[in-house]
Amino acid sequence: INHIVHNGGLYKRPFNEAFEETPMLVAVLTYVGYGVLTLFGYLRDFMRQWKIEKCQNATEREEQKDFVPLYQDFENFYNRNLYMRIRDSWNRPICSVPGAKVDMMERVSHDYNWTFTYTGRVIKDIINMGSYNYLGFAQNAGPCQEAAAKVLSQYGAGVCSTRQEMGNLEKHEELEKLVARFLGVESAMAYGMGFATNSMNIPALVGKGCLILSDELNHASLVLGARLSGATIRIFKHNNMQSLEKLLKDAIVHGQPRTRRPWKKILILVEGIYSMEGSIVRLPEVIALKKKYKSYLYLDEAHSIGALGPSGRGVVEYFGLNPEDVDIMMGTFTKSFGAAGGYIGGKKELIDYLRTNSHSAVYATSMSPPVVEQIITSVKCIMGEDGTTIGEARVQQLAENTRYFRRRLKEMGFIIYGNEDSPVVPLMLYMPAKIGAFGREMLKRNIGVVVVGFPATPIIESRARFCLSAAHTKEMLDTALKEINEVGDLLQLKYSRRRLVPLLDRPFDETTYEETED
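As the structure is a computational prediction, the values presented were derived from the model and not from experiment.

Draft legend 1. Seen up close, the pairing of strand 3 (residues 117-128). Looking at chain direction, strand 2 (residues 101-108) and strand 3 are connected through 6 bridges and run antiparallel. By the bridge assignment, Lys 101 is partnered in strand 3 with Ile 127. In this structure, strand 3 lies alongside strand 12 (residues 447-448), joined through 2 bridges in parallel fashion. Bridge pairing in strand 12 places Ile 127 opposite Ile 447.

Structure representation (C-alpha cells):
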C-alpha cells in the first residue's frame, strides 16, 4: 500500500513512503537469536576468565588490576561476542576506484575474525552496491579527473594553513560562489570535513538557553553537534509531525525549565534523506510548523543533495519549495560529488557570522585544491555549465534506477523501507545470523553490499543497505537483483506479507497546520 500525502495542499507531488510491519514470528525468533548469542557470550567469557579459552580482547595488565579499569568489561561484551563473529562483513579493503564496480583484496581469518591475513589475490569486478556514489562522479577518468589533476600540478595537494591565515585560495572563493548559486541562497561556506560541518557549526549557532528539537534518527554528527552546543535537546519521533508540533507547543507555552523564561532560540534539526531508513523528510510540513511557531530550521542534505530533485538540487527542489524557507542548508561533497568536505548555505549574515565563530572555519586546515576542483567540475556538470547534458542525464538515470530497483525487490517479496524516490534502499534481514550470511553470500556472487546491525539500528531491525548510482547500468542491476533473489530464497529473507502501515497514525489528508500571517 502506497500512502499518498496531500496534507492541506502543502505537497505539490505524491509522497509515497511506507514501512511494513515486522512479522511477529520473525521478531520473536530474532530476540531468541540474540538471547542464544548472549548466553554463549557469557559462557565464553567464563571460559576466558578461567584460561580455558585464549583471551584475545584488550584487558588490563596484571600489575594494573587494582586500578580503575580502562576497558569496561560489559561495554565490550557485544563487540567481543557478537560483532566479532561477523566482523569479516565490514572494513573490506578495496583497491580500485569505488565506481559501479570495484576490485577487492581477498583476506582470510584463522582465528574467528580476531585477525585477518591477505592472500595476495584480488577479486575483480565486484558490483558495488554500497558506496554513496549517487551520480557516478567517483571515477579516475573524465573531465573531473582531468581538471583535478591539472589543479594538483598547479597548487599541490595541500594548503598547510587555515582559511583565515594563508590558506584562502581563489578556488575556495569560486567554489563557495558556485555552491550558493547551485542552492539558490545568498551565500555559502565550504568545509574540509562533512562530519565536522555539523558537529562544529551547531555549537556556533545555539548554546545555553536555546532549545534543539532533533529527529530521533538524525546522524551522529548532528547528535554530537547538539550535545557540544550546551543547548537543551528534545527528541521527536522520526518524521512524525504531531510529535514535533507537540514539542514546539510545549516549548513556547512552558519556556525554559524552572525559570519559565522564553527560549533564546528554537532550532529544528532534520535530514533530507535518512541514511538508515531510506526515508525523506516531510519538509513542507516541517517548514509550515517552523513558520507557525517562529523557530529556525537546520536541514542536513548529505544524502539528498545531487540525488533528489529534477536538477539534483536536493530535497528543497524535490518538493518545489523556496530555499529561503530553510534557515541553514547543510550538505556534504562526499557522496553525489565524489569528493570530500561539506558546506553550509543561507543568508549572507549567517555565513559571515560562521566565518568568524565556527570552530571548523577558524581552526581547520583549508580544503585540498584538487578536491575543490573535483567539486567545482562536478557541480558545473550537474548545472549544465560545462556545455553538456551529462549531469542532467545522470540525475534522471539515478531516479530511474531507484524506482526500478525498489519495485523489483518489493515484487520479489522482500521488506523494503523508505521512500520510493530514495536511492538508499534498506532490505530487512532481522536475525543476527543472517547479517553475516547475507554479506558473505553476496560477496561469493561478486556483489558488494553493506550490512548493518545493532547498535546502528534497533536490535531487531538488522538490514542490508543498498545505495544506487547513476553509474549502474540496467544489466548490473538485473545481475544484482538475480543474485539477491537467489540469496533471499537461500536464507529465507522474503518476509513481506504486503501489509504496509503508514509511518504516522493520522489520516494523510488531514489538514493539521496552517501558516499564520505576520
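Draft legend 2. Structural detail: the packing of aromatic side chains. A full pass over the atoms with the stated rule returns 16 aromatic pairs. Look at Tyr 11 and Phe 15: their rings are 5.5 Å apart centre to centre, the planes differ by 40 degrees, and that puts the pair in the tilted class. Just as Tyr 11 is buried, Phe 15 falls in that class too. Their ring planes at 35 degrees and their centres at 4.7 Å tell us that Tyr 42 and Phe 77 sit as a pair that is tilted. Highlighted residues: Tyr 42 in helix 1 (residues 24-49) and Phe 77 in helix 2 (residues 77-81), separated in sequence by 35 residues. With relative accessibility at 7%, the residue Phe 77 sits in the buried group. Clustering of aromatic rings is evident, with ring pairs tying together Tyr 11, Phe 15, Tyr 318 and Phe 319. Seen from the ring of Phe 116, Arg 107 lies directly overhead, with NZ or CZ sitting 4.1 Å from the centre.

Draft legend 3. View of the sheet that holds strand 13 (residues 450-452). Pairing in this open sheet of 3 strands is antiparallel, and the strands run 11-14-13 from one edge to the other. Of all strands in the sheet, those with a lone pairing partner are strand 11 (424-430) and strand 13, marking the two edges. Across the sheet, the axes of successive neighbouring strands diverge by a mean angle of 25 degrees, strand direction being ignored. Across 3 bridges, the pairing between strand 13 and strand 14 (residues 462-467) is antiparallel. Paired with Val 450 across the two strands is Arg 465, which belongs to strand 14.

Draft legend 4. Just the side chain of Asn 133, in detail. Here Asn 133 is to be found in the loop between strand 3 and helix 3 (143-155). A distance of 3.1 Å separates a polar side-chain atom of Asn 133 from the backbone nitrogen of Phe 137. When residues no more than four places from it in sequence are discounted, the contact partners of Asn 133 are Pro 98, Gly 99, Ala 138, Lys 335, Leu 468, Ser 469 and Ala 470.

Draft legend 5. Structural detail: the side chain of Lys 171. Mapping Lys 171 onto the fold places it in helix 4 (residues 170-183). For Lys 171, the side chain forms a polar contact with the side chain of Glu 373, separated by 2.8 Å. Not counting the four nearest positions on each side in its chain, Lys 171 is found in contact with Val 151, Tyr 155, Val 372, Glu 373 and Ile 376.

Draft legend 6. Geometry of a positive patch on the surface. Taken together, the side chains of Lys 208, Arg 258, Lys 264 and Lys 265 make up a positively charged region of the molecular surface. Along the chain, Arg 258 falls in the loop between helix 7 (241-254) and strand 7 (266-271). With a relative accessible area of 80%, Arg 258 lands in the exposed category.

Draft legend 7. Representation of the domain arrangement of the protein chain. For the protein chain, the assigned domains are domain 1 (19-128 + 390-497) and domain 2 (143-383). Centre-to-centre, using C-alpha coordinates, domain 1 lies 29 Å away from domain 2. With 20 residues of domain 1 in contact, the opposing surface of domain 2 contributes 18 residues. Surface buried jointly by domain 1 and domain 2 totals about 1,400 Å² across both partners, of which 62% is contributed by carbon and sulfur atoms. Counting across the domain 1 and domain 2 interface gives 7 residue pairs in polar contact (both at pLDDT 80 or more). Of all the secondary-structure elements, those providing two or more residues to the side of domain 1 that touches domain 2 are helix 13 (390-412), strand 11 and strand 14. Ranked by residue count, the leading element in the side of domain 1 that touches domain 2 is helix 13, at 6 residues. Tallied by class, residues from the side of domain 1 that touches domain 2 come to 10 nonpolar, 5 polar and 5 charged.

Draft legend 8. Here's a closer look at the UniProt feature "transmembrane region" (unreviewed entry) in the protein chain. Mapped onto the present numbering, the UniProt feature "transmembrane region" (unreviewed entry) falls on residues 24-43. In this annotation, residues 24-43 is assigned 100% helix and 0% strand; the end-to-end C-alpha distance for the span is 29 Å.

Draft legend 9. Geometry of the packing of helix 4 against helix 12 (residues 369-383). At their nearest, the axes of helix 4 and helix 12 sit 10 Å apart, and the two run at 30 degrees to each other. Taken as axis vectors, helix 4 and helix 12 run roughly parallel relative to one another. Between helix 4 and helix 12 lies a crossing of left-handed hand. For the pair helix 4 and helix 12, the contacting residues are Lys 171, His 172, Glu 174, Leu 175, Leu 178, Arg 181 and Phe 182 in the first and Val 372, Glu 373, Ile 375, Ile 376, Val 379, Lys 380, Ile 382 and Met 383 in the second. For the contact of helix 4 with helix 12, the residue count by class is 9 nonpolar, 1 polar and 5 charged.

Draft legend 10. Layout of helix 4. Along its 14 residues, helix 4 runs 20 Å from first to last C-alpha, staying within 8% of the 20 Å computed at 1.5 Å per residue. Here helix 4 has its buried residues at Lys 171, His 172, Leu 175, Glu 176, Leu 178, Val 179, Ala 180, Phe 182 and Leu 183. Of the surrounding secondary structure, the elements contacted by the buried residues of helix 4 are helix 3, strand 4 (187-191), strand 9 (328-332), strand 10 (342-346), helix 10 (348-357) and helix 12. Count one or two residues on from helix 4 and you reach Gly 184, which has phi positive near 80 degrees.

Draft legend 11. How the structure looks around the nonpolar core. By size, the foremost hydrophobic cluster in this structure holds 108 residues, and its most contacted members are Met 129, Phe 405, Leu 409, Phe 438 and Phe 466. Each of domain 1 (19-128 + 390-497) and domain 2 (143-383) accounts for three or more of the residues forming this core. Here Met 129 is in contact with Phe 405, Ile 447, Gly 448, Val 449, Arg 465, Phe 466, Cys 467, Leu 468, His 472, Leu 477 and Ala 480, once residues within four sequence places are set aside.

Definitions and limits used
Residues numbered from 1 in each chain as written. Predicted model: local features only at pLDDT ≥ 70, side-chain atom pairs only at ≥ 80, totals over all residues. Heavy atoms only, no water. Pairing = 2+ DSSP bridges. Helix = DSSP H or I, 4+ residues; strand = E, 2+ residues; numbered from the N terminus. Phe/Tyr/Trp six-rings, centres within 6.5 Å; stacked < 30°, edge-to-face > 60°. Buried < 20%, exposed > 50% of the residue type's maximum accessible area, 1.4 Å probe, protein only. Lys NZ or Arg CZ within 6 Å of the ring centre and 35° of its normal. Axes fitted to C-alpha atoms, helices over the stretch in contact; angles between N-to-C directions. Polar contact = N/O pair within 3.5 Å; in protein donor to acceptor, adjacent residues only side chain to side chain. Contact = heavy atoms within 4.5 Å. Patch = residues over 30% accessible without salt bridge, like charges linked within 9 Å, V, L, I, M, F, W, Y side chains within 5 Å. Areas by Shrake-Rupley, 256 points an atom, 1.4 Å probe, with all protein chains shown as cover. Salt bridge = Lys/Arg side-chain N within 4 Å of Asp/Glu carboxyl O. Lys, Arg positive; Asp, Glu negative; His and termini not counted. Charge placed at Lys NZ, Arg CZ, Asp CG, Glu CD. Domains from an automatic or database assignment. Buried area = accessible area lost by both parts, 1.4 Å probe. Nonpolar A, V, L, I, M, F, W, Y, C, P; charged D, E, K, R; others polar. UniProt positions renumbered as here; feature names shortened; annotations may be inferred. Parallel < 35°, antiparallel > 145°, perpendicular 65-115°, else oblique. Left-handed = near helix turned anticlockwise from the far one by under 90°. Expected span 1.5 Å × (residues − 1). Core = buried A, V, L, I, M, F, W, Y, C linked by side-chain atoms within 4.5 Å.

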